[in-house]
Amino acid sequence: MAAELIQHPETPQTFIHDLESAFWVLIWVVVSYMPTSMDIGTRSNFLKDIMSPKVYDKSSSGLEKLSFLRSRAVPTVPGVENIGFLLSELIKLFAFRYPVVETTTPPDAKFASVMEAMDAKAADINMDTADDAGNAGDKDPNEDPKEESNAKEDKLNAMYRRGLENHLGVIGLFDLILSRNGWPQSDKADPQEMVLSRDEKCGMRAGTAKSKSAAEVFVQPS
């Protein structure tokens with residue numbers, strides 16, 4: 001399920017949520033049935049906590065999926081570069097919908113004074129470095145680096161926005177990946193093991209034989 005629908009269940013479902021859901025299904029299959037760069041602890045955390053977020057009251061905060069999307073970090077599959085490329089491009093596309101909120105609350109005055117002192121020291125160091133380096137470089141001294149950065153960001157945003165106008169962008173990405181060389185010829189599902197969390201282990205020690213059996217079955221590959 002899309003992160004937005006977990007966080008806000010009252011949100012009307014659109015095709016964009018369906019596309020994001022397809023991404024979650026794909027990455028779940030990859031992590032569950034292919035050896036990846038995730039170790040067993042990270043894999044267990046991903047499958048049990050990120051993919052199955054706990055629901056409190058009427059909804060869950062959905063922060064696990066939000067954090068994962070915003071990290072833009074996906075597992076790689078040894079020997080199958082195409083899978084990693086596909087997951088990487090998809091997560092960048094869907095993460096665009098969940099921008100990190102800029103901080104508007106100012107820091108405490110005492111902490112602010114510490115940071116101002118650090119800025120002043122850094123400025124002195126940068127000035128000394130600039131004097132030593134001379135005037136090397138062809139950059140326009142009147143060019144505003146912030147404006148250049150904003151222009152690049154606007155271009156990227158427009159690109160991702162177009163990619164989510166309909167389903168064609170995602171289908172085009174799949175077509176591109178599937179047309180590439182490098183796919184294995186005789187691969188098969190390889191169920192990956194998981195481990196119990198410390199809380200689950202404590203629950204097993206204090207629980208009934210039935211609950212212990214259920215927990216043990218859950219972490220065994222099938």
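Report follows, based on the coordinates. (Residues numbered from 1 in each chain as written. Predicted model: local features only at pLDDT ≥ 70, side-chain atom pairs only at ≥ 80, totals over all residues. Heavy atoms only, no water.)

Observations regarding the packing of helix 2 (residues 15-33) against helix 5 (residues 81-95)
Relative to each other, helix 2 and helix 5 sit at 145°, their axes nearing to 11 Å. For the pair helix 2 and helix 5, the crossing hand works out as left-handed. Taking contact as the criterion, the partners of I16, L19, E20, F23, L26, I27 and V30 in helix 2 are, on helix 5, I83, L86, L87, L90, I91 and F94. For the contact of helix 2 with helix 5, the class distribution of residues is 12 nonpolar, no polar and 1 charged. (Axes fitted to C-alpha atoms, helices over the stretch in contact; angles between N-to-C directions. Helix = DSSP H or I, 4+ residues; strand = E, 2+ residues; numbered from the N terminus. Left-handed = near helix turned anticlockwise from the far one by under 90°. Contact = heavy atoms within 4.5 Å. Nonpolar A, V, L, I, M, F, W, Y, C, P; charged D, E, K, R; others polar.)

Description of the pattern of salt bridges
Where charged atoms from two side chains of opposite charge come close, those side chains can pair. For the structure shown, the criterion picks out 3 salt bridges. Two residues, E4 and R97, come together in a salt bridge whose shortest N-O distance is 2.7 Å. Highlighted residues: E4 in helix 1 (residues 3-7) and R97 in the loop between helix 5 and helix 6 (109-133), separated in sequence by 93 residues. Residue K92 is joined to E89 by a salt bridge in which the shortest nitrogen-to-oxygen separation is 2.9 Å. Note that K92 and E89 are positioned in helix 5 at a spacing of 3 residues, about one turn of the helix. Judged by relative accessible area, which is 26%, K92 ranks as partly exposed. Given the relative accessible area of 24%, E89 is considered partly exposed. The network of salt bridges with shared partners includes E4, E20 and R97. (Salt bridge = Lys/Arg side-chain N within 4 Å of Asp/Glu carboxyl O. Buried < 20%, exposed > 50% of the residue type's maximum accessible area, 1.4 Å probe, protein only.)

A short note on the side chain of T36
Relative to the helices and strands, T36 resides in the loop between helix 2 and helix 3 (40-50). Here M38 takes part through its backbone nitrogen, which lies 3.1 Å from a polar atom of the side chain of T36. Dropping the residues within four chain positions of it, T36 is found in contact with V30, V31, P75, T76, V77 and P78. (Polar contact = N/O pair within 3.5 Å; in protein donor to acceptor, adjacent residues only side chain to side chain.)

Re the packing of helix 5 against helix 8 (residues 168-178)
Following both chains from N to C, one finds helix 5 and helix 8 inclined at 165°, their axes separated by 10 Å at the closest point. Accordingly, the angle class assigned to the pair helix 5 and helix 8 is roughly antiparallel. Seen from above, helix 5 lies across helix 8 with right-handed handedness. Where helix 5 approaches helix 8, its residues N82, F85, L86, E89, L90, L93 and F94 are matched on the opposing element by V170, L173, F174 and I177. Looking at the contact of helix 5 with helix 8 residue by residue, the classes come out as 9 nonpolar, 1 polar and 1 charged. (Parallel < 35°, antiparallel > 145°, perpendicular 65-115°, else oblique.)

A look at helix 8
Residues separated by three or four positions in an α-helix point in the same direction, a consequence of the helix having 3.6 residues per turn. Taken residue by residue, helix 8 has V170, L173 and I177 as its buried positions. For helix 8, the buried positions fall inside an angular range of 55° around the axis, keeping them on one side. Pointing more than 90 degrees away from the buried face of helix 8 are the exposed residues L168 and L178. On the buried face of helix 8, the contacting elements are helix 2 and helix 5. (Arc of directions from axis to C-beta.)

Points about unusual backbone geometry
At R72, a residue that is not glycine, the phi angle is positive and equals roughly 55°. Take R72: it is sitting in the loop between helix 4 (63-71) and helix 5.

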